[in-house]
Structures are given as C-alpha cells and as structure tokens.
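# Working through the structure, step by step
So the chains spell out like this:
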Amino acid sequence: AWLWHQHQPLYRDPGVSGMAGSYRYPWVRLHAIRDYYSMAALAAAHDVHVTFNLTPVLLRQIDDYVLHGATDAALELTRQPAESLTRPQVEDMLSTFFDADWHNQILVHPRYAQLLARRTAGAPFSRQDLRDVQMWFNLAWFGHEFRTAAVRLITGETVDVARFVRQQHGFSHADVMSMLDAQYTVLRAIVPLHRALQDSGRIEVSTTPAFHPILPLLIDTDQAYVDRAGASRPPRYAYVEDAVTQIVLAHDDYVARFGRTPAGVWPAEGAVSPGAVELVGRGGFRW
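Predicted, not measured: the structure shown is a model, and the values here were computed from it.

## Things to note about the nonpolar core
Counting residues in hydrophobic clusters, the biggest one holds 68 residues, and the most contacted among them are Leu139, Phe142, Phe146, Val161 and Met179. Top element by residues in this core is helix H11 (residues 173-199). It accounts for 12 residues. The contacts of phenylalanine 142, once residues within four sequence positions are left out, are Ile33, Arg34, Arg147, Val161, Met179, Ala182, Gln183 and Val186. Among the nonpolar cores identified, the runner-up in size contains 10 residues, and Ile247, Val265, Ala276 and Val280 belong to it.

## Quick notes on the sheet that holds strand E1 (residues 3-6)
Taking strand neighbours across the sheet as the criterion, the 3 strands line up as E1-E2-E5 in an open arrangement whose pairing is parallel. Edge positions in the open sheet fall to E1 and strand E5 (204-206), since each of these has one partner strand only. Taking each pair of neighbouring strands and ignoring which way they run, the sheet shows an average axis angle of 25°.

## Notes on helix H2 (residues 38-45)
Those residues of H2 that sit buried are Ser38, Ala40, Ala43 and Ala44. For H2, the secondary structure elements touched by its buried residues are helix H1 (27-36), strand E2 (51-54), helix H9 (144-148) and H11. Once H2 ends, the next one or two residues include aspartate 47, with phi positive near 55°.

## Brief notes about the packing of helix H7 (residues 110-121) against helix H8 (residues 127-139)
Their axes nearest at 10 Å, the elements H7 and H8 cross at an angle of 120°. With respect to H8, the element H7 is oriented oblique. Where H7 crosses over H8, the two elements pack in a sense that is left-handed. Here H7 contributes Arg111, Tyr112, Leu115 and Arg118 to the contact with H8, which in turn contributes Gln128, Asp129, Asp132, Val133, Trp136 and Phe137. When grouped by side-chain class, the residues that make up the contact of H7 with H8 number 5 nonpolar, 1 polar and 4 charged.

## A short note on the pattern of salt bridges
Summed over all chains, the structure comprises 17 salt bridges. Where glutamate 157 meets arginine 188, a salt bridge forms, and the shortest distance between an N and an O atom there is 3.4 Å. Here glutamate 157 is found in the loop between strand E3 (151-152) and strand E4 (158-159), whereas its partner arginine 188 is found in helix H11, with 31 residues between them in sequence. The class for glutamate 157 is partly exposed, based on a relative accessible area of 32%. Bridged by salt links that share partners, the residues Arg111, Arg118, Asp129 and Asp132 form one connected network.

## With respect to a nonpolar patch on the surface
A grouping of Leu10, Phe211 and Leu249 is seen on the molecular surface, where their side chains present a nonpolar patch of about 240 Å² in accessible area. Tracing the backbone shows phenylalanine 211 in the loop between E5 and helix H12 (215-219).

## What to know about the packing of aromatic side chains
Evaluation of the coordinates by the stated rule reveals 12 aromatic pairs. Aromatic side chains tyrosine 112 and tryptophan 136 sit 6.0 Å apart centroid to centroid with 20° between the ring planes, which places their arrangement in the stacked category. Of this pair, tyrosine 112 sits in helix H7 while tryptophan 136 sits in helix H8, and the two are 24 residues apart along the sequence. Here tyrosine 112 and tryptophan 136 have matching classes, each one buried. An angle of 80° between the planes, with centres 6.1 Å apart, marks the rings of phenylalanine 164 and phenylalanine 171 as edge-to-face. One exposure class covers both phenylalanine 164 and phenylalanine 171, and it is buried. One aromatic cluster is present, formed by Tyr37, Phe142 and Phe146 through successive ring pairs. The aromatic ring of phenylalanine 125 is capped on one face by arginine 118, whose charged end is 5.8 Å from the ring centroid.

## Some words on helix H13 (residues 240-258)
Under the 1.5 Å per step criterion, the end-to-end length of H13 is 27 Å for 19 residues, consistent within 8% with the ideal 27 Å. Of the residues making up H13, those classed as buried are Ala243, Gln246, Ile247, Ala250, His251, Asp253, Tyr254, Arg257 and Phe258. All buried residues of H13 fall inside an arc of 165° around its axis, so they share one side. Considering only its buried residues, H13 is in contact with E2, helix H3 (56-68), H11, E5, H12 and helix H14 (274-282). Of the residues trailing H13, glycine 259 is marked for its positive phi of about 65°.

## Remarks on the pairing of E2
Where burial is concerned, the two faces of E2 agree: the one with Thr51 and Asn53 and the one with Phe52 and Leu54 are both buried. Two elements, E1 and E2, share 4 bridges in a ladder whose sense is parallel. Looking at the pairing, histidine 5 lines up with asparagine 53 of E2. Two elements, E2 and E5, share 3 bridges in a ladder whose sense is parallel. In the strand pairing of E5, threonine 51 is matched with glutamate 204.

Rules used in this analysis
- Residues numbered from 1 in each chain as written.
- Predicted model: local features only at pLDDT ≥ 70, side-chain atom pairs only at ≥ 80, totals over all residues.
- Heavy atoms only, no water.
- Core = buried A, V, L, I, M, F, W, Y, C linked by side-chain atoms within 4.5 Å.
- Buried < 20%, exposed > 50% of the residue type's maximum accessible area, 1.4 Å probe, protein only.
- Helix = DSSP H or I, 4+ residues; strand = E, 2+ residues; numbered from the N terminus.
- Contact = heavy atoms within 4.5 Å.
- Pairing = 2+ DSSP bridges.
- Axes fitted to C-alpha atoms, helices over the stretch in contact; angles between N-to-C directions.
- Parallel < 35°, antiparallel > 145°, perpendicular 65-115°, else oblique.
- Left-handed = near helix turned anticlockwise from the far one by under 90°.
- Nonpolar A, V, L, I, M, F, W, Y, C, P; charged D, E, K, R; others polar.
- Salt bridge = Lys/Arg side-chain N within 4 Å of Asp/Glu carboxyl O.
- Patch = residues over 30% accessible without salt bridge, like charges linked within 9 Å, V, L, I, M, F, W, Y side chains within 5 Å.
- Areas by Shrake-Rupley, 256 points an atom, 1.4 Å probe, with all protein chains shown as cover.
- Phe/Tyr/Trp six-rings, centres within 6.5 Å; stacked < 30°, edge-to-face > 60°.
- Lys NZ or Arg CZ within 6 Å of the ring centre and 35° of its normal.
- Expected span 1.5 Å × (residues − 1).
- Arc of directions from axis to C-beta.

Read these as spatial facts, not as claims about activity.
So, in structure tokens, the structure goes:
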C-alpha cells in the first residue's frame, strides 16, 4: 500500500492583519504547483492505485490563496515591477529566489543557471535580470509536465507556462503576472482532480487530524516513552477534548470537499497510541 502524505504546516503570520502578506513562506503555493496536482495526475496516467493524504491545514491554506486573497513574501516580491524594487527588496530576492534544488530546478534551465552564477560571482543585476529572477524562481517550481507542454486540467482550463521556459529570458512584467495567474489555475484544480479520481476508483483520499497534532501527546503527554538517559517528561499536558475536535474537524472538512465520508486517517507524523486509535475509531474512520 502506497500512501503519499501531502502536508504543509500553517505558515500564517499571526502578526499580520488581513490576508495580504499573511504567509511567511511560499511553500504551500510552490509545492502545490509542483507536487499536489502533478502527483495525482501521474498516478492516474499510469493506472497506479495509491492513497493521497491531504491534510486539512494544507487545504485551508490553498483556500486562503484562491478564495481569500492570501499572499506570501515571495509572492509580493514577484508581483512588484522590477523597476520599483528597493535595494533591501533586491537583496531579499537574491537571497531567497534561488531556494530550489540546484541540480533539478536551476542548472537544467540555462537562464536560471546563468542568474545563479551571477549571484555567486557577486555580479550586478540589471532590472531585466531581476525580472528574469522573479520569473524563474516561480517557473522552476512548476511540475515537469507544466514546464514541457501546455496542460489541460481536470477543470477544463489549460495551463501553458512551457512557452516561458522556451523563451528563457527577456520577460515582461505582464509575462510574470500571466505566470502567476497560471499558478492559481493549478491551485484551483487540486481538490477537483483528487475528487474525480477518487470517485472513479483510481485513487483513495485520506485525511489527518485538522492541524497536524501529535495526537497521542495531545491526549496525554504522560503516555510518551522516554528512552534517553537523564531525560524526563514535561509537565503533564492532557486535552482529550482537543484531540476529539481535531478529528471531528478533519472529518467534516473532508465531507465538505469530497462529498463522502472518509474511510481512512493518517496520523500526523505516524504517531499512534491505544488512546489515539480509539478516538479515531469513534470518529467514524475504518482505517
């Protein structure tokens, strides 16, 4: 049995009011365009029957992007015209916009590799260079099929960012914004793809207690085993009612998205205990 655990922790910045700039890190958005649509589509293309575990906290963050106007620091830097970037913004961008696997996401693209070499050498960046960095950091995170051809999604929409890969350099601000629009198109299609594949019997979708708690420790930290010499348990923390709520929230979120009762739950970090298993069983899950 193969189970792919698709999860990102909550990156929302509690110090930011409203949704603009609400996420500190871009990993929900970037992994969504690389993994969360592509992996399910790949499994379907090869008739591989697997389980995809989509955590409620991941799906809620995707909702924030597509429904509620959430942004993240990298997204705001990408949206800003290169001509108006301040020196601190440029420094921030050059320090974070190469956060990708160098061998599989950067060096395989000649222009992105060239830009990395310029940064490594401390060479100056023109405004066109900076715009190309804005484009390539985002473009390199798209799944392989998106970077090689136009892709028609389960929603009927088509994503075509392969044209930007072929272009390599000299992007306009309008090009960058078009690429970002394509990201949102992919984000909107993730749940519909999983729902359609599950309804057709190609995959199963499971869930996880809502905000990815270590369920046995939430139930009672005194159940933890300590096997290191000199180690001790923290003061007891035991909130069974919170554990129950995490399970109920996951169940209800799943029903709202997939129109059926979930069969399975994957415990966060694979952490189980007799008490956790009992609560999951009472929550209506079969496995």
